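A look at the structure
So you can see what is in the structure, the chains are spelled out below.
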Amino acid sequence: EPEVTQTPSHQVTQMGQEVILRCVPISNHLYFYWYRQILGQKVEFLVSFYNNEISEKSEIFDDQFSVERPDGSNFTLKIRSTKLEDSAMYFCASTAGPRSQETQYFGPGTRLLVL
Amino acid sequence: GEDVEQSLFLSVREGDSSVINCTYTDSSSTYLYWYKQEPGAGLQLLTYIFSNMDMKQDQRLTVLLNKKDKHLSLRIADTQTGDSAIYFCAESITGRRALTFGSGTRLQVQP
């Protein structure tokens, strides 16, 4: 069964460093998402991406964050200058089609720890 | 804005039924979802229901939706130890792609 994959599974970084989290969505999917889950808190939407541009973003997704689809398979989340409060599990998701209610399939997550 | 609430913890005995509850605030919810998260793993979609439905059954899972009270429940029949996990309720609303998640209910199944 096709699945969303994410690398790395864990990342430790120093405050102020840049990190890039990588995702490979399901191959025929067109819409891509990033969510995060701070330890003990709710899963929060960050951004959605379609046709090489951001289609929706939350208040969390400020100028420190950016997303990119550098090639036909990868979808990345970059945090330019990490802060302690960026420590969280980051989930990538994808959906197949144009309807906003399409089921979102999630990857296993990348646990980011900022020291 | 939209908000989704769940109770934090539920403990049942193996073989019993589990009922996990969720309430939401946004009346323009279109789809409501249940996701399962096992330790160290991602979010696995279990089932979903469209907002014009009252009930959906899928093998051991039954979803009930009371749109008037904005209440969603997930019933797991014949609960097994492998069902131990965190269960998240989530909603999507018209015109938006973002899912809004509840805080998750940790289900513990006692042998």
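Attention here is on the structure that accompanies the text. (Residues numbered from 1 in each chain as written. Chains lettered and ligands numbered in written order. Predicted model: local features only at pLDDT ≥ 70, side-chain atom pairs only at ≥ 80, totals over all residues. Heavy atoms only, no water.)

What about the overall build of chain B?
Rules: Secondary structure elements are taken from DSSP: a helix is a run of H or I of four residues or more, a strand is a run of E of two residues or more, and numbering for both begins at the N terminus. Within these notes, the globule rule equals 2.2 Å times the number of residues to the 0.38 power, and the radius of gyration is based on C-alpha atoms. Contacts are residue-level and defined by heavy atoms, with any inter-residue pair within 4.5 Å sufficient. Working definition of accessibility: Shrake-Rupley area with a 1.4 Å probe, residue cover restricted to the visible protein chains. Counting rule applied: Lys, Arg positive; Asp, Glu negative; His and chain ends not counted. To locate a charge, take atom NZ for lysine, CZ for arginine, CG for aspartate or CD for glutamate.
Secondary structure summary: chain B contains 0 helices and 11 strands in total. Radius of gyration (C-alpha) of chain B: 13 Å, near the 13 Å computed for a compact globule of 111 residues. For the C-alpha atoms alone, the extent of chain B along its principal axes is close to 45 × 30 × 20 Å. When contacts within chain B are restricted to residue pairs at least 6 apart in sequence, long-range pairs at least 24 apart make up 56% of them. Surface exposure of chain B reaches about 5200 Å², of which carbon and sulfur atoms provide 47%. Averaged over its 11 positive side-chain charges, chain B has a centre that lies 2 Å from the centre of its 13 negative ones.

Brief notes about the interface of chain A and chain B
The cut-off we apply is this: Buried area: the accessible area, evaluated with a 1.4 Å probe, that two parts lose upon being put together, summed over both parts. In the sections that follow, a salt bridge refers to a side-chain nitrogen of Lys or Arg positioned within 4 Å of a carboxyl oxygen of Asp or Glu. In the analysis that follows, any N or O atom pair within 3.5 Å is treated as a polar contact, provided that within protein one partner can donate a hydrogen and the other can accept it, and provided that, for residues neighboring in sequence, both atoms belong to side chains. Nonpolar residues are Ala, Val, Leu, Ile, Met, Phe, Trp, Tyr, Cys and Pro. Charged residues are Asp, Glu, Lys and Arg, and all others, Gly as well, are polar.
Across the contact, 22 residues belong to chain A and 23 residues belong to chain B. Taken together, both faces of the contact between chain A and chain B bury some 1800 Å²; the carbon and sulfur share is 51%. The interface formed by chain A and chain B contains 3 salt bridges. Its salt-bridge partner being Arg96 of chain B, residue Glu56 of chain A comes within 2.7 Å of it at the nearest N-O pair. For the pair chain A and chain B, the number of links is 5 residue pairs in polar contact (both at pLDDT 80 or more). Every element with two or more residues in the side of chain A that touches chain B is listed here: strand S4 (31-37), strand S5 (43-50) and strand S6 (53-57) of chain A. Broken down by element, the side of chain A that touches chain B gets its largest block of residues, 4 residues, from S4 of chain A. Of the residues in the side of chain A that touches chain B, the class split is 9 nonpolar, 9 polar and 4 charged.

Concerning the packing of aromatic side chains
How we decide: Working definition: a ring pair exists when centres of Phe, Tyr or Trp rings (six-membered ring for Trp) sit within 6.5 Å. Plane angles under 30 degrees give stacked, over 60 give edge-to-face, the rest tilted. Working definition: with a 1.4 Å probe on protein chains only, accessible area under 20% of the residue-type maximum means buried, over 50% means exposed, and in between means partly exposed. Distance and angle both matter: a charge sits over a ring if NZ of Lys or CZ of Arg is within 6 Å of the ring centre and within 35 degrees of the ring normal.
Counting across every chain of the model gives 18 aromatic pairs over all chains. Ring centres 4.8 Å apart and planes at 45° place the aromatic pair Tyr31 of chain B and Phe50 of chain B in the tilted group. Within this pair, whereas Tyr31 of chain B is found in strand S4 (residues 29-37), its partner Phe50 of chain B is found in strand S5 (residues 43-50), the two being separated by 19 residues in sequence. The buried category is assigned to Tyr31 of chain B, whose relative accessible area is 11%. An aromatic cluster of three or more residues is present, and its members are Tyr35, Phe45, Phe91 and Phe106 of chain A together with Tyr31, Tyr33, Tyr35, Tyr48, Phe50, Phe88 and Phe101 of chain B. The residue whose ring lies beneath Lys56 of chain B is Tyr48 of chain B, and the NZ or CZ to ring-centre distance is 4.1 Å.

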